[in-house]
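Structural overview for review
Listed here are the chains, written in short residue letters.
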Amino acid sequence: MKKFALILVFFSFLKTQAQEIKSYTWDAVPSFKAIPEEYKKMPAVVLFDKRWVHTRINTNMYGFAKFKMEHFAVKINEASEINKYNKVTADDNNTIRDTKDFHARVIKPNGDVKVLSESQIVNSDVKNVKSIVFEGVEKGDILEYYFIVKENPTSNGVEIYQKEAPVLHAEFTLTDSGSAASRLFASPEFTDNHIKNKIFYTADNIQPISNERSSKKFKNLVKVFYLIAGTSQSMVAKQWNPFFKEYIKNLKPYAFSNGDVKKLLQKLNIKDKSTDEKLTILDEYIKTHFEYYSDGESIFNDVKIVDGTGKLSHKDFMCIYKLSLDALKIPYEIIANEDRFIGELDDEMMTFYEFTEFNFYIRETNKFISPNAGYLPYGNLGYEYQDTKSKGYDVNKKQNTTIFIPIIASDFTKIESESVVNLSADLAKVTIDKKLSNTGYVGQILRYSYKDLSNNDEKKDLTDFVKEVSINGVDVKLLEHTVENLEFKNNYTNTPFVINSKLESVESFTEKAGNLLMLNLGKVIGNQANLYQENTRKTEIDLKYANEYHHTIVFNIPKGYQVDHYNDLVIDKEMKYDENKNCLFKSTVKVVGNQVIVTVDEKYKSINYPKDIYQEYRKVYNASADFSKASIVLKPIKKK
């Protein structure tokens, strides 16, 4: 009898928290915090944003479900903001089983409240998902709504609170019942309030999103991540050691066998090579013979590994390297990496599989293998993993490791060009013979992209690509082009990928002023991004990779003219911060005979700079944009 009573108590507990979220309601009389002076002139202000997720998992007794509540209120200070907030749809994430509740109201500046009728809350295009449109909204109104949905449980979730408008108050509640287990990871702006049986976080005065160039936009957003596991034991299994053991256990190929891999290694005849040579030959074979399946594409078991034909899934790419390393008896570590612009790995456990990439680290050579990045050769990891900490697992020693991914020096990624510029006889058009050389990350990506496009029947795509790479953002006609060092093997020696192009201007490069002729010679390097509008900086400066630009422009002065002025093309800017990290832009001009010779050197020695030195960085960054707008002035030679 006592046992039966305990079961009833447990059953009641399971229902309590789910019932609490399902019975949620708003205050009959709306009440909001006063808007601070600093926000009163903002186009819109979010008064509060409250969200609650409850997961219930107990298949034997009470089924499984996730309930989610969102309660939101925003004050519209400018009519231009109405369309941003007057359409609301319950979260459409393909897991909704039912919209349990949906309410919306408009609060007028005089305090009058207009509650939307049920007839105004309609089904959206997605089954079981409701939506509403606030009608008759005016400047000064407050829009408030809340909805509750029932979903299928998911293993994780992300809730982003930061918006274009400031948020006065934010709340996130995470609860679970039955066998479910939850974990929450919140941005530092949130405070843990430690409510019994609830994970309850709050944040106040969240600043508007800063859409700044060269910024870790997603990582910097104010947000919460949460994990859901079916049992507490399943949550423990997410810790790195058990996670890697299970990951390796399940790392089995679909499209080929271990025997196929051994035959491939025999064919490659690399038994007596050094480790570096073995992995270079193996990596080149795999990257040049096998394609990746596109998202949503059906996967078939029709791969012939030894013949080098067929497509591989992402998992199969991991497997072919793992089985090869095992057969070659080369010690390796499988490592987990996260894009530094998105976030960073948790020290304790695997949190978001969707944000994580798996690669191999060869400690003997201090190099990496990137199975699922077709453009990357054995050597360095992708630029997005520089300056991050990777969690690893040594398969032979069966122990966890930590690997710090280095920043690659700027001279690894160089963009160099040599351009010869000629004016047409009528001085209306220019032709540019340009040799563009690219190494490092840029060279690898361009080489991969060019080869992919050259196999495409749509030749226009390749032409547009060459034009854009050769002279970005400038309207020109591509008369002809050739490439050098297209083969993937050039990645291993960092041999430049070269595009030789002959271009003819479509947009104007010249302008007459009396008897003077101005030629926009700076445009030859292409349009350049700038930071003219960004006067202040809220986030740190984070670049994709350290790199260098080196340009030489040779202009043949037309007969009957001489150079009158070229000072606008002479620029010298340097950020004096740290000799090992400084960035600079320097251009020089000299006239030799009938030629104007311009040289440009631009360097960014680091991938991150503190916002405190933003103004110095901004001067260097804008220098290339200033150069691209600069002209030389020609004048007729006086006849004797």
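Just above sits the structure.
How each quantity is defined
- Residues numbered from 1 in each chain as written.
- Predicted model: local features only at pLDDT ≥ 70, side-chain atom pairs only at ≥ 80, totals over all residues.
- Heavy atoms only, no water.
- Buried < 20%, exposed > 50% of the residue type's maximum accessible area, 1.4 Å probe, protein only.
- Helix = DSSP H or I, 4+ residues; strand = E, 2+ residues; numbered from the N terminus.
- Pairing = 2+ DSSP bridges.
- Core = buried A, V, L, I, M, F, W, Y, C linked by side-chain atoms within 4.5 Å.
- Contact = heavy atoms within 4.5 Å.
- 1 Å grid on protein atoms, 1.4 Å probe; cavity = no way out; pocket = protein on both sides within 12 Å on 5 of 7 lines; lining within 4 Å.
- Points joined across faces, edges and corners; volume = space filled by probe spheres on them.
- Nonpolar A, V, L, I, M, F, W, Y, C, P; charged D, E, K, R; others polar.
- Arc of directions from axis to C-beta.
- Axes fitted to C-alpha atoms, helices over the stretch in contact; angles between N-to-C directions.

**Quick notes on the pairing of strand 20 (residues 389-394)**
- In terms of burial, strand 20 is largely enclosed, as five of its six residues are buried.
- In terms of strand pairing, strand 17 (residues 333-338) meets strand 20 through four bridges, oriented antiparallel. Pairing of Ile334 across the sheet is with Tyr393, part of strand 20.
- With antiparallel pairing between neighbouring strands as the criterion, strand 20 and strand 21 (residues 399-404) make up a hairpin whose turn holds four residues, including Lys398 at a positive phi of roughly 55°.

**Thoughts on the nonpolar core**
- Among the nonpolar cores identified, the biggest contains 62 residues, and Leu521, Phe555, Tyr609, Tyr617 and Phe627 are the most heavily contacted of them.
- No other element matches helix 11 (residues 614-629), which puts six residues into this core.
- Among all residues touching Tyr609, those that are not within four sequence positions of it are Glu540, Ile541, Leu543, Met575, Tyr577, Lys581, Asn582, Cys583, Tyr604 and Tyr617.
- In terms of nonpolar packing, the next biggest core, distinct from the first, is built from 43 residues, Leu279, Met318, Leu345 and Ile369 among them.

**Describing empty space enclosed by the protein**
- According to the stated counting rule, one finds one cavity of 30 Å³ or more in the structure shown.
- One number sums up the size of the largest cavity: a volume of about 30 Å³.
- Residues of the lining of the largest cavity, tallied by class, amount to three nonpolar, one polar and two charged.

**Some thoughts on helix 6 (residues 258-268)**
- When helix 6 is considered as a whole, its buried residues turn out to be Val261, Leu264, Leu265 and Leu268. End-on, the buried residues of helix 6 take up no more than an arc of 100°, which puts them together on one face. Exposed residues pointing more than 90 degrees away from the buried face of helix 6 are listed as Lys263 and Gln266.
- Residues of helix 6 that are buried make contact with helix 7 (275-289) and helix 8 (314-328).
- Looking at the residues trailing helix 6, positive phi occurs at Asn269, about 55°.

**Details of the sheet that holds strand 11 (residues 181-186)**
- Within the open sheet, the three strands sit side by side as 9-14-11. Their pairing is antiparallel. Of all strands in the sheet, those with a lone pairing partner are strand 9 (156-160) and strand 11, marking the two edges. On average, each strand axis in the sheet is inclined to that of its neighbour by 15°, with strand direction left out of account.

**Digging into unusual backbone geometry**
- Even without being a glycine, Asn366 presents a positive backbone phi close to 55°.
- Locating Asn366 in the fold gives a position in the loop between strand 18 (356-362) and strand 19 (367-369).
- Phi at Asp387 takes a positive value of approximately 60°, unusual for a residue other than glycine.
- Summarising the element assignment, Asp387 is placed in the loop between strand 19 and strand 20.
- Since its relative accessible area comes to 44%, Asp387 is described here as partly exposed.

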